Amino acid sequence: MAMNVASSSGGGRRSGRRAAVMAEINVTPMVDVMLVLLIIFMVAAPLMTSNIDIDLPVASGGKSIASNTPPLTLSVKRTNGSCNSNVELYLGDAPVAAADLLPKIKAIRETRSEAESVVYLRGDKDVCYTDMMKLLGQIRTAGFKANIVIIPEQGS
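1. Let's talk about the pairing of strand β3 (residues 86–91)
Every regular strand shows the same layout, with side chains that alternate between the two sheet faces.
Logical step 1: When strand β2 (residues 72–80) meets β3, the two strands line up antiparallel, connected through 6 bridges. Looking across to β3, one finds that serine 75 is bridged to tyrosine 90.
Logical step 2: Where β3 meets strand β4 (residues 94–96), 3 bridges bridge the pair, whose relative direction is antiparallel. Within the sheet, the bridge partner assigned to tyrosine 90 lies in β4 and is proline 95.
Logical step 3: The antiparallel hairpin formed by β3 and β4 contains 2 residues in its connecting segment, where glycine 92 sits at a positive phi of about 70 degrees.

2. Examining the pairing of strand β5 (residues 118–123)
Logical step 1: Summarising burial for β5: 5 of the 6 residues are buried, a large majority.
Logical step 2: Pairing of β2 with β5 involves 5 bridges; the strand directions are parallel. When the bridges of β5 are listed, leucine 74 appears paired with leucine 121.
Logical step 3: One ladder, built from 4 bridges, connects β5 with strand β6 (residues 145–148); its direction is parallel. Counterpart to valine 118 in the pairing with β6 is lysine 145.
Logical step 4: Between β5 and its parallel partner β6, the chain crosses via helix α3 (residues 129–141), and the hand of that crossover is right-handed.

3. Some points on the sheet that holds β5
Logical step 1: Read across the sheet, 5 strands follow the order β4-β3-β2-β5-β6 without closing on themselves; strand pairing throughout is mixed. Pairing within the sheet leaves two strands with one partner each, and these edge strands are β4 and β6. For this sheet the average axis-to-axis angle between neighbouring strands, irrespective of direction, equals 30 degrees.
Logical step 2: Against the sheet, helix α2 (residues 101–111) contacts β2, β3 and β4, and its axis sits at roughly 20 degrees relative to β3.
Logical step 3: On the sheet, α3 packs against β2, β3, β5 and β6 and is oriented at approximately 170 degrees with respect to β5.

4. A few points about a nonpolar patch on the surface
Logical step 1: A cluster of nonpolar side chains, contributed by Val27, Met30, Val31, Val33, Met34, Leu35, Val36, Leu37, Leu38, Ile40, Phe41 and Met42, occupies part of the molecular surface with about 1,100 Å² of accessible area.
Logical step 2: With respect to the helices and strands, leucine 37 occurs in helix α1 (residues 28–48).
Logical step 3: Exposure remark for leucine 37: the relative accessible area of 35% places this residue in the partly exposed category.

Definitions and limits used
- Residues numbered from 1 in each chain as written.
- Predicted model: local features only at pLDDT ≥ 70, side-chain atom pairs only at ≥ 80, totals over all residues.
- Heavy atoms only, no water.
- Pairing = 2+ DSSP bridges.
- Helix = DSSP H or I, 4+ residues; strand = E, 2+ residues; numbered from the N terminus.
- Buried < 20%, exposed > 50% of the residue type's maximum accessible area, 1.4 Å probe, protein only.
- Right-handed = clockwise from strand over helix to strand, strands pointing away.
- Axes fitted to C-alpha atoms, helices over the stretch in contact; angles between N-to-C directions.
- Contact = heavy atoms within 4.5 Å.
- Patch = residues over 30% accessible without salt bridge, like charges linked within 9 Å, V, L, I, M, F, W, Y side chains within 5 Å.
- Areas by Shrake-Rupley, 256 points an atom, 1.4 Å probe, with all protein chains shown as cover.
- Salt bridge = Lys/Arg side-chain N within 4 Å of Asp/Glu carboxyl O.

Next up, the structure:
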């Protein structure tokens with residue numbers, strides 16, 4: 001049985017030549033990281049939309065409107081008390097005081113075109129009729145058209 005032993009003068013040392021440096025980029029770890037980030041964003045994106053929890057009334061009729069730009073929504077939520085007392089107003093997702101509503105809507109109306117002159121009014125089903133009518137009047141005073149958002153009846 002013959003053993004093949006390499007004779008070297010330095011014992012376990014390498015010879016004077018160095019291995020060539022690898023000048024290629026390994027893309028596999030980068031692809032792995034990008035796929036993980038893609039999955040994280042796909043899962044997190046729907047969770048990032050914040051909606052105000054409002055119990056909309058159920059009604060029949062109407063049709064949904066498809067648009068590329070997000071519409072201006074005014075949400076009304078009754079907190080407690082009787083009619084004409086405590087409601088919370090949200091312009092988009094931001095809370096707004098009742099006294100500041102008309103100036104803010106007028107300022108927004110000046111920046112929008114005629115085609116984008118619709119405000120969607122979302123009212124909790126426990127909000128009083130008089131509160132909704134006051135808000136509709138303020139929306140009309142600011143120069144917007146108002147649509148009231150409802151939930152269609154089941155089966156229609």
